[in-house]
Amino acid sequence: DSGVTQTPKHLITATGQRVTLRCSPRSGDLSVYWYQQSLDQGLQFLIQYYNGEERAKGNILERFSAQQFPDLHSELNLSSLELGDSALYFCASSEPSGSLIFGPGTRLTVL
Amino acid sequence: GEDVEQSLFLSVREGDSSVINCTYTDSSSTYLYWYKQEPGAGLQLLTYIFSNMDMKQDQRLTVLLNKKDKHLSLRIADTQTGDSAIYFCAERFTGGGNKLTFGTGTQLKVEL
């Protein structure tokens, strides 16, 4: 158990729908990173938050958005879902060395 | 630029050493990492090396860094069946919020 929690573990939905993925970083960690892992794109950085503020943005689609709340949990919102959005979505928090500690992931299947 | 490459597949016999290679392109990388991903699981941090080091050893794991060639390797001694997984190298560079850029992953298969 890495200490980073993600819910739900699995999510099955239809094209055009909207879903929300939730992440809680390790106790005391202020950063949250979101990554997408798909077969064709590999592990892609989406976005990073630090203490409630957006710090860095990667290959995140405009249909996707995220936020980090005062209690430091984060939500990733995916809307107008397409088949190609099916993937594993990971969040992570970071150690002082910069090492990312990953959660177990949410597997999203879009039918 | 950000580009981290790994060979896709490696097969070894149990008890042998495994060497997984990685090349990266960003010379300003500060730390380089190795992660392990077992089927259906998240990414587990194995080890990391600071860019001013050449080598780091941690039990059965040895990391070698050739900064001139931008080449990183992970050696697993006495490879066991439990080592079968996908191994990712990742680099952290100084720009952009300390995100990590991951390689394509190397699937290690350990045969009896």
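Criteria and cut-off values
Residues numbered from 1 in each chain as written. Chains lettered and ligands numbered in written order. Predicted model: local features only at pLDDT ≥ 70, side-chain atom pairs only at ≥ 80, totals over all residues. Heavy atoms only, no water. Helix = DSSP H or I, 4+ residues; strand = E, 2+ residues; numbered from the N terminus. Rg over C-alpha atoms; globule rule 2.2 N^0.38 Å. Buried < 20%, exposed > 50% of the residue type's maximum accessible area, 1.4 Å probe, protein only. Salt bridge = Lys/Arg side-chain N within 4 Å of Asp/Glu carboxyl O. Contact = heavy atoms within 4.5 Å. Polar contact = N/O pair within 3.5 Å; in protein donor to acceptor, adjacent residues only side chain to side chain. Nonpolar A, V, L, I, M, F, W, Y, C, P; charged D, E, K, R; others polar.

1. Concerning the overall build of chain A
- The secondary structure content of chain A amounts to zero helices and eleven strands.
- For chain A, the α and β elements follow one another from N to C terminus as β-β-β-β-β-β-β-β-β-β-β.
- Computed over the C-alpha atoms, the radius of gyration of chain A is 13 Å, within 12% of the 13 Å expected from 2.2 N^0.38 for a compact globule of 111 residues.
- For chain A, the C-alpha atoms occupy an extent of roughly 40 × 25 × 25 Å along the three principal directions.
- Counting over 111 residues, chain A shows a buried share of 52%.

2. Quick look at the pattern of salt bridges
- Per the counting criterion, the structure on display carries eight salt bridges over all chains.
- A salt bridge links B:Arg60 to B:Asp83, with the shortest nitrogen-to-oxygen separation between them at 3.0 Å. In this pair, B:Arg60 is assigned in the loop between β6 (55-58) and β7 (61-66) and B:Asp83 in the loop between β8 (71-76) and β9 (85-93), connecting sequence segments 23 residues apart.
- On the accessibility criterion, B:Arg60 (34% relative accessible area) is partly exposed.
- Among the salt bridges present, the one from B:Asp69 reaches B:Lys68, with a minimum N-O distance of 3.6 Å.
- For B:Asp69, a relative accessible area of 46% translates into the label partly exposed.
- Each of the salt bridges in this network shares a partner with another, and the network as a whole consists of A:Arg26, A:Asp29 and A:Glu95.

3. Digging into the interface of chain B and chain A
- Taken together, the 17 residues of chain B in the interface contact 18 residues of chain A.
- In this structure, the connection of chain B to chain A is made through four residue pairs in polar contact (both at pLDDT 80 or more).
- Taken together, the elements giving at least two residues each to the side of chain B that touches chain A come down to β4 (29-37), β5 (43-50), β9 and β10 (100-102) of chain B.
- Among the elements that make up the side of chain B that touches chain A, the one with the highest residue count is β4(B) (four residues).
- A class-by-class count of the residues in the side of chain B that touches chain A yields ten nonpolar, five polar and two charged.

4. What about unusual backbone geometry?
- Cis geometry is adopted by the peptide bond preceding A:Pro8, which originates at A:Thr7 and carries an omega value of -10 degrees.
- Examined against the element boundaries, A:Pro8 turns out to sit in the loop between β1 (5-7) and β2 (10-13).
- With a phi angle near 50 degrees, A:Asn51 is a residue other than glycine that sits in the positive phi range.
- Unlike most non-glycine residues, B:Gln59 shows phi in positive territory, near 55 degrees.
- For B:Gln59, the position within the fold is in the loop between β6 and β7.

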